Amino acid sequence: MNSDSDKTIPLKRFFAVIRRPLFFIAINFFLTNTLFSLLPHDLGDIVYTTGRIAIIFYAGWLVIRRNIGGLWQSALVGMALYFVDHVALKGGVFLLNYIFNPGGMGLAAFGSVIFSFILFIPLAMLVGATGGLAARYRGGKSAFDDQ
């Protein structure tokens, strides 16, 4: 019989596993977003968004595959990575723009980033949970799932 104390998330292992997707998020934001923005017809946005989705999927997959948590933890990792990518990085750029140009639209752009983050939280959680489901069906049963 499993008690609630047996289902705690090992935070040290959790951050060790999520370290790689966080690095990929930073690379995707700073390098991919910059390089592919030069492509015509908004293809850079498509490449950047596809990379964002793939990284969130991969993080959800890692949570189950490395036996860190269950599907809820995979979904929450998706939301956390989306927060880092969208609010911290993209919103941070808009806040820096506002600090250096207070008369500009930086603060309004940050507000729209917050609004779109709240709007797309369920989608980020769904992508993370889908990555967890993919790992589970490929042979990785988590110790955190109900039996």
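Residues numbered from 1 in each chain as written. Predicted model: local features only at pLDDT ≥ 70, side-chain atom pairs only at ≥ 80, totals over all residues. Heavy atoms only, no water.

Novice: Could you clarify how one ought to interpret the layout of surface pockets in this entry?
Specialist: Empty space among the atoms can be located by rolling a probe the size of a water molecule over them. When its volume is computed, the largest pocket comes out at roughly 230 Å³. Around the largest pocket, the lining is made up of 13 residues, and of these Thr 49, Arg 52, Ile 53, Tyr 82 and Leu 123 lie nearest the centre. No other element matches the six residues that helix α2 (residues 43-65) contributes to the lining of the largest pocket. Across the lining of the largest pocket, the residue classes break down as eight nonpolar, two polar and three charged. (1 Å grid on protein atoms, 1.4 Å probe; cavity = no way out; pocket = protein on both sides within 12 Å on 5 of 7 lines; lining within 4 Å. Points joined across faces, edges and corners; volume = space filled by probe spheres on them. Helix = DSSP H or I, 4+ residues; strand = E, 2+ residues; numbered from the N terminus. Nonpolar A, V, L, I, M, F, W, Y, C, P; charged D, E, K, R; others polar.)

Novice: It is not clear to me how unusual backbone geometry should be interpreted in this structure. Could you clarify?
Specialist: Peptide bonds are mostly trans, and most non-glycine residues show a negative phi. With a phi angle near 60°, Asn 67 is a residue other than glycine that sits in the positive phi range. Secondary-structure assignment places Asn 67 in the loop between α2 and α3 (71-100).

Novice: Got a minute to help me understand the environment of Leu 62 in this structure?
Specialist: Looking at the secondary structure, you find Leu 62 in helix α2. In this view, Leu 62 contacts Val 17 and Pro 21; residues no more than four positions away in its chain are not counted. (Contact = heavy atoms within 4.5 Å.)

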